[in-house]
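Observations on the model geometry
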Number of protein chains: 2
Amino acid sequence: MPDTVQPTEVLPRYIQLASILRGRITSGELQPNQLIPSERQLEEIYAVSRPTIRQALDLLERQGLVYRAHGRGTFVSPQKLQKPISELTSFTEDMKRRGIEPGQKLLEIGMVEPPRDVCRQLELAYPHAPILRIERLRLGDGTPMGLQTSYYHLPDGCEITAADLEQYGSIYRLLEDKLHIIPTEAGETLEVTLATPAEAVLLQIKPGSPLLLSERTTYSQERRPVEFVKILYRGDRYTYTAKLTR
Amino acid sequence: MPDTVQPTEVLPRYIQLASILRGRITSGELQPNQLIPSERQLEEIYAVSRPTIRQALDLLERQGLVYRAHGRGTFVSPQKLQKPISELTSFTEDMKRRGIEPGQKLLEIGMVEPPRDVCRQLELAYPHAPILRIERLRLGDGTPMGLQTSYYHLPDGCEITAADLEQYGSIYRLLEDKLHIIPTEAGETLEVTLATPAEAVLLQIKPGSPLLLSERTTYSQERRPVEFVKILYRGDRYTYTAKLTR
DNA sequence: CTATCTATCTGGTAATGACCACTGAAACCG
DNA sequence: CGGTTTCAGTGGTCATTACCAGATAGATAG
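Below or above, wherever it landed, is the structure these notes cover. (Residues numbered from 1 in each chain as written. Chains lettered and ligands numbered in written order. Predicted model: local features only at pLDDT ≥ 70, side-chain atom pairs only at ≥ 80, totals over all residues.)

Some remarks on the protein's contact with DNA strand D
The environment of DNA strand D is formed by 21 residues, the closest being R13, S49, T52 and G71 of chain A together with S38 of chain B. Going through the elements one at a time, α1 (13–26) and α3 (50–62) of chain A together with α2 (39–46) and β3 (73–76) of chain B are the ones with two or more residues in the surface near DNA strand D. By residue class, the composition of the surface near DNA strand D is four nonpolar, ten polar and seven charged. (Near = placed C-beta within 6 Å. Helix = DSSP H or I, 4+ residues; strand = E, 2+ residues; numbered from the N terminus. Nonpolar A, V, L, I, M, F, W, Y, C, P; charged D, E, K, R; others polar.)

Below you can see the structure in the form of structure tokens.
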């Protein structure tokens, strides 16, 4: 990691500067609640203007790495909540962050006529021509964690096959790299249900066991609904975590 | 709502401008996906400089009201997700937003020695001197929705009594107005549990019914843990909603 | 010695000017 | 007519300058 801001770099200076400061924080050089150099000092240290400094600090503040106090200075946040803001992650990323080896078992993939509730979430007319449906068993360290059913409404001409899914590993990576669809926003709801016999078999639990049902609609960068996902998590295995800000 | 930006106002201009634009969007004057005036046009319309315009638009973009496309312009977001970002709300606010009349029944209030898990969340030594504990039954339209146990670690000399709670209605309002503690950040986890006999009686459900257990630690503006809350929601009555962004 | 004032830090807001990168449509050329 | 180039307009980045407002410590007056 360079410790100076290079005008020649492709990345904007404020992002470079944010990376440098983030590094100094996560490395432990700057301790929690420690006062960091003032904006005018940073101006001299890194030879960039104050608006740029402020843009970098805005970024770090939104990421929860620093907090500012008018008249006193800018401080390093206690690392506790330095994690994501309210992150949009895939199951795969989520598991890795918890130190659990993610896995999956493809149960079914194909084109189906979307049911009414799915049409509503994806803002489609009902009935609607078949769209992509994927049903997967999600594994954590080899044992079943959840049962996921996803529907994708893709632009015309786009296709996802089982082979693609195999190759990219993550649907999100596939969406981004191949189809240039970048999920940027999602609405999620969580509620409690009880396992049906069929679900119980797949998840290797008793019928009637409590499950955490997550429903998520994901939107592309143009705010079009792209994906609707239902995941049934085993109540005894899974904890949902979020970070809230005001 | 004034439609010009006044330098004399107490509020910063970029916030005034954001309010004006927000009003034009929520009133329906600006339709979803409609192109709004360019930053240079807004500069003339509202007689403020471009950095101020951009600050206002940054705000609206983070709030999900508009989205920007490099080289094309700024557009109104479809209102679907115009709701809060990932809001830090109290049970009271939450219920009101759903159109349900919130209510509560105070079960117990007093100073107790915090158990180990509470100490850990509030970053206190264990054992620790007694701190404030409040146990309440949360009602929605008069029927039990959840059972809430809260612990507060307040600065020396601060006190909360049952009378205070009655007067202010919301603990958060009390914290802000009386103690000048503004909750700004919280970590929340959600998981599934089953009702114990005691809990079942209070919530008027059968023992063993599935519950949604929410645990939240709230931090003040100085990132000190202030509050630790456990809420057991009735699984058949409550749905948790969140908005995620990347 | 205490309480107040003030100088001077801090971050917050704002204007001005400049250049870059991306987009899309009009103008151009084969 | 069809494909290409050009260019004007958009948001993205950055420097410079200025003043305001909250916080704090040292100077000052009581």
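Now that the structure has been shown, we can carry on.
Describing the packing of α2 of chain B against helix α3 (residues 50–62) of chain B
Residues and elements named next belong to chain B. Taken N-terminus to C-terminus, the directions of α2 and α3 make an angle of 110°; their axes are 9 Å apart at the nearest point. For the element pair α2 / α3, the angle class is roughly perpendicular. Side by side, α2 and α3 meet where E39, R40, L42 and E43 of the first sit next to R50, I53 and R54 of the second. Classifying every residue of the contact of α2 with α3 gives two nonpolar, no polar and five charged. (Axes fitted to C-alpha atoms, helices over the stretch in contact; angles between N-to-C directions. Parallel < 35°, antiparallel > 145°, perpendicular 65-115°, else oblique. Contact = placed C-beta atoms within 7 Å.)

Description of the sheet that holds strand β3 (residues 73–76) of chain A
The strands that make up a sheet pair up through hydrogen bonds in the backbone, lying either parallel or antiparallel. Residues and elements named next belong to chain A. Ordered in space as β1-β3-β2, the three strands form an open sheet in which the pairing is antiparallel. The open sheet has two edge strands, β1 (35–36) and β2 (66–69), and neither has a second partner. By the bridge criterion, two bridges tie β1 to β3 in an arrangement that is antiparallel. The residue bridging L35 from the neighbouring strand is F75, located in β3. α3 contacts β2 and β3 of the sheet and is inclined by roughly 115° relative to β2. (Pairing = 2+ DSSP bridges.)

Regarding the nonpolar core
Counting residues in hydrophobic clusters, the biggest one holds 50 residues, and the most contacted among them are L212 and Y233 of chain A together with L212 and Y233 of chain B. Setting aside anything within four residues of it in sequence, one finds Y233 of chain A in contact with M145, G146, L211, L212, S214 and Y238 of chain A. Formed by 16 residues, the second largest nonpolar core is a distinct cluster that contains L30, A56, L65 and V76 of chain A. (Core = buried A, V, L, I, M, F, W, Y, C linked by C-beta atoms within 7 Å. Buried ≥ 20, exposed ≤ 12 C-beta atoms within 10 Å, placed from the backbone.)

Points about α3 of chain B
Residues three or four positions apart in an α-helix share a direction because the helix packs 3.6 residues into each turn. All names here are of chain B. If you check α3, its first and last C-alpha atoms are 18 Å apart, about what 13 residues at 1.5 Å a residue would give, namely 18 Å. Among the residues making up α3, those that are buried are I53, A56, L57 and L60. One side of α3 carries all its buried residues, which in axial view fall inside an arc of 95°. The exposed residues of α3 that point more than 90 degrees off its buried face are P51 and R62. Contact partners of the buried residues in α3: α1 (13–26), α2, β2 (66–69) and β3. Once α3 finishes, G64 follows within two positions and takes phi at roughly 80°, a positive value. (Expected span 1.5 Å × (residues − 1). Arc of directions from axis to C-beta.)

Regarding the environment of R24 of chain A
Residue and element names in this part refer to chain A. Here R24 lies in helix α1. We classify R24 as partly exposed; it has 15 C-beta atoms within 10 Å. When the C-alpha atoms of R24 and Y152 are compared, they prove to be 41 Å apart, with 128 residues separating the residues in sequence. Ignoring anything within four residues of it in the chain, the contact list for R24 reads E29 and L30.

Considering the sheet that holds strand β1 (residues 35–36) of chain B
Residues and elements named next belong to chain B. Spatial strand order, β1-β3-β2: three strands in an open sheet with antiparallel pairing. Looking at the sheet topology across the chains shown, the edges are occupied by β1 and β2. Each of β2 and β3 is contacted by α3, which is oriented at about 115° to β2, the strand it contacts most.

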